[in-house]
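Breakdown of the fold
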Amino acid sequence: MTGNLQFDAQGRLRHFLTIDGLSRETILEIFTIAESFISVGEREIKKVPLARGKTVVNLFFESSTRTRTTFEIAAKRLSADVINLNVGASSAAKGETLLDTVRNLEAMHTDLFVVRHNQAGAAYLIAAHVPPHVHIINAGDGAHAHPTQAVLDAFTIRRHKGGFENLKVAIVGDILYSRVARSLIRVLDILGVPEVRVIAPRTLLPTAVETLGVRSYTDMGEGLDDADVIVMLRLQRERMRGALIPSEQEYFNLYGLTPGKLECAKPDAIVMHPGPMNRGLEIDSAVADGPQSVILPQVTNGIAVRMAIMALVLGGREPAEGGRPA
Amino acid sequence: MTGNLQFDAQGRLRHFLTIDGLSRETILEIFTIAESFISVGEREIKKVPLARGKTVVNLFFESSTRTRTTFEIAAKRLSADVINLNVGASSAAKGETLLDTVRNLEAMHTDLFVVRHNQAGAAYLIAAHVPPHVHIINAGDGAHAHPTQAVLDAFTIRRHKGGFENLKVAIVGDILYSRVARSLIRVLDILGVPEVRVIAPRTLLPTAVETLGVRSYTDMGEGLDDADVIVMLRLQRERMRGALIPSEQEYFNLYGLTPGKLECAKPDAIVMHPGPMNRGLEIDSAVADGPQSVILPQVTNGIAVRMAIMALVLGGREPAEGGRPA
Amino acid sequence: MTGNLQFDAQGRLRHFLTIDGLSRETILEIFTIAESFISVGEREIKKVPLARGKTVVNLFFESSTRTRTTFEIAAKRLSADVINLNVGASSAAKGETLLDTVRNLEAMHTDLFVVRHNQAGAAYLIAAHVPPHVHIINAGDGAHAHPTQAVLDAFTIRRHKGGFENLKVAIVGDILYSRVARSLIRVLDILGVPEVRVIAPRTLLPTAVETLGVRSYTDMGEGLDDADVIVMLRLQRERMRGALIPSEQEYFNLYGLTPGKLECAKPDAIVMHPGPMNRGLEIDSAVADGPQSVILPQVTNGIAVRMAIMALVLGGREPAEGGRPA
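What you see as residue numbers is a count from 1 along each chain, following the sequence as written. Chains carry letters from A onward and ligands carry numbers from 1 onward, assigned in written order. Where totals are concerned, whole chains, interfaces and linings use all residues; where local detail is concerned, this predicted model gives features only for residues with pLDDT of at least 70, and gives and counts side-chain atom pairs only at 80 or more.

Another aspect to go through is the overall build of chain A. By the criteria applied, helices consist of DSSP H or I runs no shorter than four residues and strands consist of E runs no shorter than two, each listed in order from the N terminus. Within chain A, the secondary structure is distributed over 13 helices and nine strands. Its C-alpha atoms give chain A a radius of gyration of 20 Å, near enough to 20 Å, the size a compact globule of 326 residues would have. With 326 residues in all, chain A has 54% of them scored as buried. Expressed as a percentage of contacts within chain A between residues at least 6 apart in sequence, the contacts between residues at least 24 apart total 77%. This radius of gyration counts C-alpha atoms alone. The globule rule is 2.2 Å times how many residues there are, raised to the power 0.38. The exposure scheme places C-beta atoms from the backbone and then counts, for each residue, the other C-beta atoms within 10 Å of its own, assigning buried at 20 or more, exposed at 12 or fewer, and partly exposed in between. Two residues qualify as a contact pair if the distance between their C-beta atoms, derived from the backbone, is within 7 Å.

It is worth spelling out the relation of the copies chain A and chain C at this point. Two chain copies, one operation linking them: a rotation about an axis together with a shift along it. Here the copies are matched by least squares. The fit uses the C-alpha atoms of residues with pLDDT of at least 70 in both. Mapping chain A onto chain C calls for a rotation angle of 120° and an axial translation of 0.0 Å; the resulting RMSD is 0.0 Å. Both copies are brought into coincidence by an operation consistent with a three-fold rotation axis.

Take the pairing of strand β8 (residues 229–232) of chain B next. Residues and elements named next belong to chain B. The side-chain alternation of β8 yields two buried faces, one formed by V229 and V231 and the other by I230 and M232. Each pair of strands is called paired provided DSSP finds at least two bridges between the two strands. Pairing analysis gives four bridges linking strand β5 (residues 168–172) to β8, with the strands arranged parallel. Bridging from a neighbouring strand, V169 pairs with V229 of β8. Judged from the three bridges that link them, β8 and strand β9 (residues 270–272) form a sheet pairing that is parallel. Each residue of the ladder has a partner; that of V231, found in β9, is M272.

So, on to the environment of R197(C). All names here are of chain C. Along the polypeptide, R197 turns up in strand β6 (residues 195–199). On the neighbour-count criterion, R197 (19 C-beta atoms within 10 Å) is partly exposed. Counting along the chain gives 33 residues from R197 to I230, while the straight-line C-alpha distance between them is 9.5 Å. Leave out the neighbours within four places in its chain, and R197 touches A170, V214, R215, Y217 and G223.

Let's shift gears to the interface of chain A and chain C. Accessible area lost during the coming together of the parts is what is often quoted as the interface size. If you look at the interface, chain A gives 23 residues, while chain C gives 18 residues. Listed by contribution, the elements that provide at least two residues to the side of chain A that touches chain C are α2 (65–77) and α12 (295–314) of chain A. Counting residues per element, the side of chain A that touches chain C draws most heavily on α2(A), at six residues. Each residue gets one of three labels, nonpolar for Ala, Val, Leu, Ile, Met, Phe, Trp, Tyr, Cys and Pro, charged for Asp, Glu, Lys and Arg, and polar for the others, Gly among them. Residues that form the side of chain A that touches chain C fall into these classes: eight nonpolar, eight polar and seven charged.

Before going further, it helps to examine helix α12 (residues 295–314) of chain C. Side chains of residues three or four places apart in an α-helix project in the same direction, reflecting 3.6 residues per turn. Residues and elements named next belong to chain C. Working rule for helices: expected span equals 1.5 Å times residues minus one. Over its 20 residues, α12 runs 29 Å from end to end, which matches the ideal 28 Å to within 8%, given 1.5 Å per residue. Among the 20 residues in α12, 17 count as buried, and that is most of the element. Backbone geometry just after α12 places G315 at a positive phi near 95°.

This next bit is on the sheet that holds strand β1 (residues 55–60) of chain B. The strand order across the open sheet formed by four strands is β2-β1-β3-β4 (chain B), and the pairing between neighbours is parallel. Here the strands that pair on one side only, and so sit at the sheet edges, are β2 (81–86) and β4 (135–141) of chain B. Geometrically, the sheet is characterised by an average inter-axis angle of 15° between neighbouring strands, direction not taken into account. As defined by bridge partners, β1(B) adjoins β2(B) across six bridges and the pair is classed as parallel. Paired with T55(B) across the two strands is D81(B), which belongs to β2(B). Axis definition: a line fit to C-alpha positions, over the contact stretch in the case of helices; interaxial angles, taken between N-to-C directions, run 0 to 180 degrees. Across the sheet, helix α2 (residues 65–77) of chain C lies against β1 and β2 of chain B, angled at about 175° from β2(B), the strand it touches most.

Each regular strand shows side chains that alternate between the opposite faces of the sheet. Residues and elements named next belong to chain B. The buried fraction of strand β3 (residues 112–117) amounts to six of the six residues, a majority that puts the element mostly inside the structure. Side chains L112, V114 and R116 of β3 all project onto a buried face; the interleaved residues F113, V115 and H117 project onto the opposite face, where all are buried too. With five bridges joining them, β3 and β4 adopt parallel strand pairing. Note on β4: the bridge partner recorded for H117 is D141.

All names here are of chain A. Read across the open sheet, the four strands follow the order β2-β1-β3-β4; overall the sheet is parallel. Bordering the open sheet on either side are β2 (81–86) and β4 (135–141), each of which pairs with just one other strand. Across the sheet, the mean angle separating the axes of adjacent strands is 15° when strand polarity is ignored. In the sheet, strand β1 (residues 55–60) pairs with strand β3 (residues 112–117) via five bridges, with the strands oriented parallel. Across the sheet, F60 pairs through a bridge with R116, a residue of β3.

Turning our eyes to something else, we now look at the domain arrangement of chain A. Residue and element names in this part refer to chain A. Start and end points for every domain follow an automatic or database-based domain assignment. Domain assignment breaks chain A into domain 1 (4–145 + 301–322) and domain 2 (147–299). In this structure, domain 1 and domain 2 have C-alpha centres spaced 26 Å apart. Counting from both sides, the interface comprises 25 residues of domain 1 and, opposite them, 21 residues of domain 2. Those elements that place two or more of their residues in the side of domain 1 that touches domain 2 are α1 (24–40), β4 and α12. Residues of the side of domain 1 that touches domain 2, tallied by class, amount to 14 nonpolar, seven polar and four charged.

Residues and elements named next belong to chain B. Structurally, the position occupied by L5 is in the segment before α1 (24–40). Considered as a pair, L5 and V299 are 294 residues apart in the sequence and their alpha carbons are 28 Å apart. Filtering out sequence-adjacent residues up to four positions away, L5 remains in contact with H15, L17, Y124, A127 and A128.

Residue and element names in this part refer to chain A. pLDDT measures how confident the predictor is about each residue, on a scale from 0 to 100. Summarising the model, chain A shows a mean pLDDT of 89, and 91% of its residues fall at 70 or more. Every residue in residues 317–326 is under pLDDT 50, and counting partners more than four places away or in other chains gives 27 contacts. Model confidence for the complex: the whole-complex pTM is 0.91, and ipTM, which rates the interface, is 0.89.

And the structure:
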């Protein structure tokens, strides 16, 4: 049900809520638009007029300076006006409901809400209630989905590996609590990656993880063997309830990506991380800053992909127009 | 004395501090400019170049995300640069006086301050000390005044009722602590509304409220009888000192606007609320979301009215120019 | 070593980190550009297109609304997009290092970081690690340096005194903990001020302060005698550890600048203060608001000087181009 919500009657992407229900064509269309925006970031004047006069609201019910910044930069490069709203305890204290907050903002003729909420489904709930001219992008909800991150990760893989057809992708770490992992597994499936593996201690693997179409490993050497792409997840220290890992040192020994463990993968394997990194916990600095790391290109690509998704849902799908300076 | 402060020597509106002292003509002029901005909000490119190159400072000594957002959106639609300043405990701790803060900002060649302060008179104090090229808009001070809200409420009444000549307007709820109520009563008087009523438990009515030219009621049925416009006030829970109401449930039973109580008013009566609403306390959701509610149009009108007031005090009073896209 | 970091191989100013190593010519070039921006602040449309399409990040590891506002206004008047980041406990809690934060932001193709940090050297550390197209401005680090303040102070002195050749400048107050004092002493030395004095209780004077090329006084009458310029420092109450001054009242009696003490200086001496002032502690209101005070012109000049420094490090050094409206 929820997958359909993001398309309008003509099948065009109206909201960007989840990877579920996206076609390969839609994802590739996002990639095409994003490629055109990559060059925008390298120009003297890094703006295109695509969203000029539009109002983008960063509606963050959960604080995330990093994610908010990427969307704020992306929106400003599209020439939109940006309003940052951290809706925390204060408005809850004032007794206003989530939907009243949103209805008020849309009554101000805002065009696009970037929603971050710690409860799965918040972005859906909002999308189900806004009028046709208002668009929603899910910037992360609970442990459920973080779909723009998944698309930028896939975009990064394509830029470095050329395609998806023959890849082995290993995702390592806090699979259980990671909104990144779930969304990424979906998008890699849609794009036709033949083999996706997850590697984690048993306590950080969801039960029945294989139903997602992945192979699970508890041993790094086995899981990384012959991999083309390694996606290290952030160990969500603040999110883990109870003692799911024995100690940080032991976690690093078993699952931290070191130059030694990296040798299990293909020699030209790329290393990814959604950030922010815990250096010395899930990843060794020698790897994070090494020649196989594409962690900073992910960040660069993230701006272009978020610009592309904003442009697409707002209806500005002509990359040619997007390519002209503002 | 304070009423004159907002006009310059030529009688033009220089600051917007209070409804007191405004002429009917000035209010109607704001309405005329606001009408021209209503269409701006419905365009593809929702900007006019009227305040291009001007710097608007949201100077909030009291946190109010909602009010700040409306002014920020309004200023950006006029193409102004906006600086948000939450001046809280920090600067008080640094020992800087209110006037030093303002003098510093005006020395940066800022043009317009939108001031929110929890003490009545803060906006006046500032307006009394700024040089001629700096303009002040009062965005709410203590329990005293919230004049932009009053003008947008009146503007909303005119858009839905066509005029003010034959109206009965009932204002319901926390009259005692409401900055909205005082400003609204004034503006309705200036615009010639023949009958304004206030309805509240005796503990929430100011003493001698009739001296404001209104009739007071403690019974909803009597107060709403034959009303054309109902303005529900937010019950300022956080502001009430002591037990002024028996219980929230009893308050809702006696003063909450339900479909049943709404039937006491005229069949085409409109229902307003400045927001944020306490659903189930002062208003029933069936009314808030019902066909007689104009609560969301109030929000939309609020942007246009705030743009109009900003344009007027900044001297950009030609709606024709304002009507051209940026 | 650190002084060279701010120049590129061609000797052009790439970062603005410290007064150390700046030539007189560079400082005078900043003054020339700043003069062209003074007029921009007085226009109807206070914007120039010099940094259009550039992204400026206010990266504040230490809260300073006042300093952040001056840089935000300066950047917006240059038509840059501005991102405000208060990087406090939250990201430290997330375990991301300073350099990872910066690398992420630069991967987003940001152009200029305005860095405020409570540790001396933070801006250097960042500058030492950014790629050539990224520029750093030090907006204050620990008790070490606050170089933009020093340049705007010197610029203000030149505007009021015409030059530096024959001046006696007295800096009064919390020399020990003041980042302003150190930077200012350097810049006055470079500009050829023949006599700089510092006046403070012995407990607020650095040991061996004379090695900075200044004369130190503990008596205001002696120190102010025949001075052309008096720079009052803010008494950093929150920064003093232990009882370095006997009492606030006694401090005011001995070192507070009153009309009486001001008479020790030349009749046309100017009085400066970097703000925010502690009225009644280090300065009497009669002096702060009196005819010899240039405290508010300092603020105005601060915007122009910060615009000039941003323009210079970004490579937009043609004031003629900067002078055209955006």
